[in-house]
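Residues per chain, in single letters:
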Amino acid sequence: MTAIFDLALKVQAQHIDGLGHVNNVVYVQWMQEVATAHIEKLGLGLKEYVELKHAMVAVEHQVQYRKAAFEGDEIILRTWLNDINALYSFRQYAFYRPQDQNLLFTGNTQWACIEMATGRPKRMSPTFTQAYQPLSEQINPYDFSIVYLDQ
């Protein structure tokens, strides 16, 4: 399994704002959705968080809106981890429209490991550090000619 994870979706009416394109807040929701789907695929979803008694929580998002997406557009939400240390993981996002390979959105999130009972920072367990592997520098996540669906 590659460290890149893609999630396909079709833009729905509820994603559209008064200007006729995807609302800015929806992109942040999609960041959460694709990150959650990726960790589930890695075997570290909410069930495992509860069992391990620690979890990853977002502490900072940075986003850049590049082109508009519209109702009916088929888009790919792409994510990967680009760095990890004892307390933090750093996740990147690139959302694009495969029809024209236009990059619509980029972002990143810093995630912190916390103890679920207290909310206090906690060093990641080996279970986390083994699953959360950064993307190899030899792989170009912006090469949209390669699709990483259904892995």
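Rules used in this analysis
- Residues numbered from 1 in each chain as written.
- Predicted model: local features only at pLDDT ≥ 70, side-chain atom pairs only at ≥ 80, totals over all residues.
- Heavy atoms only, no water.
- Phe/Tyr/Trp six-rings, centres within 6.5 Å; stacked < 30°, edge-to-face > 60°.
- Buried < 20%, exposed > 50% of the residue type's maximum accessible area, 1.4 Å probe, protein only.
- Helix = DSSP H or I, 4+ residues; strand = E, 2+ residues; numbered from the N terminus.
- Pairing = 2+ DSSP bridges.
- Axes fitted to C-alpha atoms, helices over the stretch in contact; angles between N-to-C directions.
- Core = buried A, V, L, I, M, F, W, Y, C linked by side-chain atoms within 4.5 Å.
- Contact = heavy atoms within 4.5 Å.
- Polar contact = N/O pair within 3.5 Å; in protein donor to acceptor, adjacent residues only side chain to side chain.

Under an unreviewed UniProt entry, the name given to the protein is Thioesterase domain-containing protein, and the source organism is Acinetobacter pseudolwoffii.

Turning next to the packing of aromatic side chains. Enumeration according to the criterion identifies 14 aromatic pairs in this entry. On the numbers, 6.3 Å between centres and 80° between planes, the contact of Y93 with F95 is edge-to-face. For F95, a relative accessible area of 0% corresponds to the buried category. With a centroid separation of 4.8 Å and an interplanar angle of 25°, the aromatic rings of F95 and F105 are classed as stacked. Of the two residues, F95 is situated in strand β4 (residues 88-97) and F105 in strand β5 (residues 102-115); the sequence distance between them amounts to 10 residues. A residue is classified by how much of its surface remains accessible, and F105, at 0% relative accessible area, is buried.

Reading across from one edge, β1-β3-β4-β5-β2 is the order of the five strands in this open sheet, with antiparallel pairing throughout. Unpaired on one side and paired on the other, β1 (5-10) and β2 (54-65) mark the two borders of the sheet. Across this sheet, the average inter-strand angle for adjacent strands is 25°, counted without regard to direction. Pairing of β1 with strand β3 (residues 74-84), which is carried by six bridges, proceeds in the antiparallel orientation.

For the rest of this paragraph, the subject is the nonpolar core. W30, Y49, M56, Y93, F95, F128 and Y132 are the most contacted members of the largest nonpolar core, which totals 29 residues. Elements represented by at least two residues in this core include exactly β1, α1 (24-41), β2, β3, β4, β5 and α3 (126-131). By residue number, the principal contributor to this core is α1, which donates seven residues. Judged by nonpolar contacts, the second largest core, of nine residues, contains I76, A94, L135 and F144.

Among the structural elements, Y65 can be located in strand β2. Classification of Y65 as partly exposed rests on a relative accessible area of 35%. As for Y65 and Y27, which are separated by 38 residues in sequence, their C-alpha atoms are 8.8 Å apart. In contact with Y65, not counting residues within four places along its chain, are N24, Y27, V28, L104 and F105. Of note is the side chain of Y65, whose polar atom sits 3.1 Å from the backbone oxygen of N24.

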